[in-house]
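An overview of the molecular structure
Given next are the chains, with one letter for each unit.
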Amino acid sequence: MSNSTKMIVLIPAHNESSRIHDVVTGARKYLPVLVIDDGSTDNTAEIATHAGVRVIRQMPNQGKGAALINGLTTCLEEGYEAVITIDGDGQHDPEEIPSFLKTYEQGKVDLIIGKRDFSKMPLRRRIPNSVGKFFFSNAVGQNIPDNQSGYRLIHRTMIEKILKIDDEKGFEFEVDMLVLCLKNKMILKWVPIKTIYGDEKSHIKPMHHLVNFFRIVKKARIRMHSPD
């Protein structure tokens, strides 16, 4: 990566006190780090601050989409060319940041998404992810290997577009970003990433997530087939 390229790692986090230290210390080896603490009730923010990275606290808890909007807006205002997003729960390995940077250096790109191997997921995760992949791919008319991965490199042009049109507060923000990229024929690339699951407690409420996912699939289908 050129020394003149200005990039940052953005980490949305909610109650990740047991994992945030390792995530931020791993990421800051490669790039500056900004943590958006999404209304944590534990000491996530304090641990990240003590690890030497910048933290913005948003109170109360507003959802991952809101945290990403907050962080991306800040990064845009501060002139960053691209932002790498990593979840704060330890499911993304910061040591894979160089893979994103290498792909970015190979040519123009608007969005790079980390592609997980669903076969390595626990069954309770594999089934909804596989079903979601099928319905989402059908909605947008092409195979999308991983529509909900939060490990991404987002170029400034993509950030500007998504912030103009989207105010989704949950995971739907990331799905909308992918739809916007496809709809506008922006340059999308994929990077294989590790599929990591430990003893972390998911913040997802299954039924709420399911209803919202099918809402976003319907929204994606309409957007993809509507006139420009």
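Scope of this entry: the structure provided in the associated data block. (Residues numbered from 1 in each chain as written. Predicted model: local features only at pLDDT ≥ 70, side-chain atom pairs only at ≥ 80, totals over all residues. Heavy atoms only, no water.)

Thoughts on the state of the cysteines
Applying the stated rule across the entire model yields zero disulfides. Just so you know, C75 is unpaired, no disulfide at all, and the nearest cysteine sulfur is the one on C181, 19 Å from it. What makes C181 buried here is its relative accessible area of 0%. (Disulfide = S-S within 2.5 Å. Buried < 20%, exposed > 50% of the residue type's maximum accessible area, 1.4 Å probe, protein only.)

A short note on the packing of aromatic side chains
Here the structure, examined in full by the defined rule, presents four aromatic pairs. Their ring planes at 20° and their centres at 4.5 Å tell us that F100 and Y151 sit as a pair that is stacked. Taken together, the residues F100 in helix α4 (residues 97-105) and Y151 in the loop between α5 (123-140) and β6 (152-155) connect sequence positions 51 residues apart. The same class applies to F100 as to Y151, namely buried. (Phe/Tyr/Trp six-rings, centres within 6.5 Å; stacked < 30°, edge-to-face > 60°. Helix = DSSP H or I, 4+ residues; strand = E, 2+ residues; numbered from the N terminus.)

A word on the packing of helix α3 (residues 64-77) against helix α6 (residues 156-165)
Axis separation between α3 and α6 bottoms out at 10 Å; the angle between their running directions is 125°. The angle between the axes of α3 and α6 places the two elements in the oblique class. For the crossing formed where α3 meets α6, the hand is left-handed. Contacts from I69, L72, T73 and L76 of α3 reach α6 at R156, I159, E160 and L163. Of the residues assigned to the contact of α3 with α6, the class counts are five nonpolar, one polar and two charged. (Axes fitted to C-alpha atoms, helices over the stretch in contact; angles between N-to-C directions. Parallel < 35°, antiparallel > 145°, perpendicular 65-115°, else oblique. Left-handed = near helix turned anticlockwise from the far one by under 90°. Contact = heavy atoms within 4.5 Å. Nonpolar A, V, L, I, M, F, W, Y, C, P; charged D, E, K, R; others polar.)

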